[in-house]
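Take a look at the letters that make up each chain.
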Amino acid sequence: MSAFASFAEFLAMDGHGVYVWGAYGLCAMLMALNVALPVLARRRYLNDLARRRRREALR
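Computed from a predicted structure; not experimentally measured. The numbers attached to residues start from 1 for each chain and follow its sequence in the written order. The predicted nature of this model means local features are confined to residues of pLDDT at least 70 and side-chain atom pairs, given and counted, to a pLDDT of 80 or more, with totals for whole chains, interfaces and linings taken over all residues. Hydrogens are left out, water is left out, and the side-chain values use all remaining heavy atoms of the structure.

**Looking at the overall build of the protein chain**
As a reminder, the rule being used: Helix and strand labels come from DSSP, where a helix needs a run of H or I of at least four residues and a strand needs a run of E of at least two; each type is numbered from the N terminus. All radius of gyration figures rest on C-alpha atoms, and the globule criterion is 2.2 Å times the number of residues raised to 0.38. Only protein chains enter the accessibility calculation, which uses a 1.4 Å probe. A residue is then buried if its area is under 20% of the maximum for its type, exposed if over 50%, and partly exposed in between. The method behind every accessible area is Shrake-Rupley, applied with a 1.4 Å probe, and residues are considered shielded solely by the protein chains displayed. Only four residue types enter the tally: Lys and Arg on the positive side, Asp and Glu on the negative side, with His and both chain ends excluded. To locate a charge, take NZ of a lysine, CZ of an arginine, CG of an aspartate or CD of a glutamate.
Along its length, the protein chain carries two helices and zero strands. A compact globule built from 59 residues should have a C-alpha radius of gyration of about 10 Å, whereas the protein chain, at 23 Å, is more than 25% larger. The principal-axis extents of the C-alpha atoms in the protein chain amount to approximately 75 × 20 × 10 Å. Counting only residues that meet the buried cut, the protein chain has 3% of its 59 residues in that class. Total accessible area computed for the protein chain in this model is approximately 5,600 Å², and 65% of it derives from carbon and sulfur atoms. Between the centroid of the 9 positive side chains of the protein chain and the centroid of its 4 negative side chains there is a distance of 25 Å.

Right, here's the structure in full:
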């Protein structure tokens, strides 16, 4: 049996829904950043490396 009578009560979490769902949202955002930032940094590093190699090939 469920602790909540309806989906609206589940979202409200007995008045604590804003804090509960805010914490879940913040956690999801931080987890996404932990994936996205290294991927972006790697892409930036590889682009810089390719630019340096092209510049040195012209010399």
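**Some details on the packing of aromatic side chains**
Defined as follows: A pair of aromatic rings is counted whenever rings of Phe, Tyr or Trp (Trp by its six-membered ring) have centres within 6.5 Å, and the orientation is called stacked for planes under 30 degrees apart, edge-to-face for over 60 and tilted otherwise.
A complete count under the given rule lists four aromatic pairs for this structure. With 5.6 Å between their ring centres and 75° between their planes, phenylalanine 4 and phenylalanine 10 make a pair best called edge-to-face. The exposure class of phenylalanine 4 is partly exposed, given its relative accessible area of 23%. A relative accessible area of 30% places phenylalanine 10 in the partly exposed class. Both rings, one in phenylalanine 7 and one in phenylalanine 10, keep their centres 6.0 Å apart while their planes meet at 35°; by these two values the pair is tilted. Residue phenylalanine 7 and its partner phenylalanine 10 are located together in helix H1 (residues 7-12), separated by three residues, close to a single helical turn. The rings of Phe4, Phe7, Phe10, Trp21 and Tyr24 are connected pair by pair, giving a single aromatic cluster.

**A word on unusual backbone geometry**
Phi at methionine 13 is positive, roughly 50°, even though this residue is not glycine. As for its placement among the helices and strands, methionine 13 is situated in the loop between H1 and helix H2 (17-57). A relative accessible area of 18% means that methionine 13 is categorised as buried. The backbone phi angle of aspartate 14 is positive, close to 55°, even though this residue is not glycine.

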